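Residue-level structural notes
This is what each chain is made of:
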Amino acid sequence: MCKHGQTVPGQTTVTLERDGVMVILKNVPAEICDNCGESYLSDETTRVILENAEEAIAKGIDLEIRHYAPC
Ligand SMILES: [Zn+2]
């Protein structure tokens, strides 16, 4: 947190790595700091991201690139 910027609604790309599996989620809704570009995710968004990651890991693939999709 740089404490200098204001957050504005936007989208970001989130990369997760777990157990040697990499999951890249695009178009994730986030609050973006207009000063440093840091993105902040809501608890609900984080939960969906982790669900997406678990799905990819369950499929047994090494790399998954998908669009953020709340279910
Ligand atoms: Zn900032």
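Refer to the structure printed above.
Quantities reported herein were computed from a predicted structural model and do not represent experimental measurements. (Residues numbered from 1 in each chain as written. Predicted model: local features only at pLDDT ≥ 70, side-chain atom pairs only at ≥ 80, totals over all residues. Heavy atoms only, no water.)

Looking now at the overall build of the protein chain. Regarding its fold elements, the protein chain presents 1 helix and 4 strands. Going residue by residue from the N terminus, the α and β elements of the protein chain occur as β-β-β-α-β. In terms of principal-axis extent, the alpha carbons of the protein chain reach across some 40 × 25 × 15 Å. Each of the 71 residues in the protein chain was classed as buried or not, and the buried ones make up 27%. Here the contacts in the protein chain between residues at least 6 apart in sequence split such that 49% fall between residues at least 24 apart. With an accessible surface of roughly 4800 Å², the protein chain has 51% of that area assigned to carbon and sulfur atoms. Taken together, the 6 basic and 12 acidic charged side chains of the protein chain have centroids lying 2 Å from each other. (Helix = DSSP H or I, 4+ residues; strand = E, 2+ residues; numbered from the N terminus. Buried < 20%, exposed > 50% of the residue type's maximum accessible area, 1.4 Å probe, protein only. Contact = heavy atoms within 4.5 Å. Areas by Shrake-Rupley, 256 points an atom, 1.4 Å probe, with all protein chains shown as cover. Lys, Arg positive; Asp, Glu negative; His and termini not counted. Charge placed at Lys NZ, Arg CZ, Asp CG, Glu CD.)

Okay, the coordination of the zinc ion next. For the zinc ion, every protein donor is listed as Cys2 (SG), Cys33 (SG) and Cys36 (SG), and the spread of their distances is 2.1 to 2.3 Å. Counting gaps between the donor residues of the zinc ion yields the pattern C-x30-C-x2-C. Of this pair, Cys2 sits in the segment before strand 1 (7-18) while Cys33 sits in strand 2 (residues 21-33), placing them 31 residues apart in sequence. For Cys2, a relative accessible area of 23% puts it in the partly exposed group. (Donors = N, O, S within 2.8 Å, 3.2 Å for Na, K, Ca; no water.)

On to helix 1 (residues 43-59), then. Since the α-helix advances by 3.6 residues per turn, residues separated by three or four positions end up pointing in the same direction. Spanning 17 residues, helix 1 covers 25 Å between terminal C-alpha atoms, matching the ideal 24 Å at 1.5 Å per step. Thr45, Val48, Ile49, Asn52, Ala53 and Ala56 are the residues of helix 1 that are buried. Along the axis of helix 1, the buried residues cluster in a sector spanning 140°; they form a single face. Exposed residues lying more than 90 degrees from the buried face of helix 1 are Asp43 and Ala58. (Expected span 1.5 Å × (residues − 1). Arc of directions from axis to C-beta.)

One finds Val14, Val21, Val23, Leu25, Val28, Val48, Ile49, Ala53, Ala56 and Tyr68 forming the largest nonpolar core, which totals 10 residues. When near neighbours in sequence (up to four residues on either side) are disregarded, Val21 contacts Leu16, Ile57, Ile61 and Asp62. (Core = buried A, V, L, I, M, F, W, Y, C linked by side-chain atoms within 4.5 Å.)

Within the secondary structure layout, Thr45 lies in helix 1. Aside from chain neighbours lying at most four places away, what touches Thr45 is Val28, Pro29 and Tyr68.

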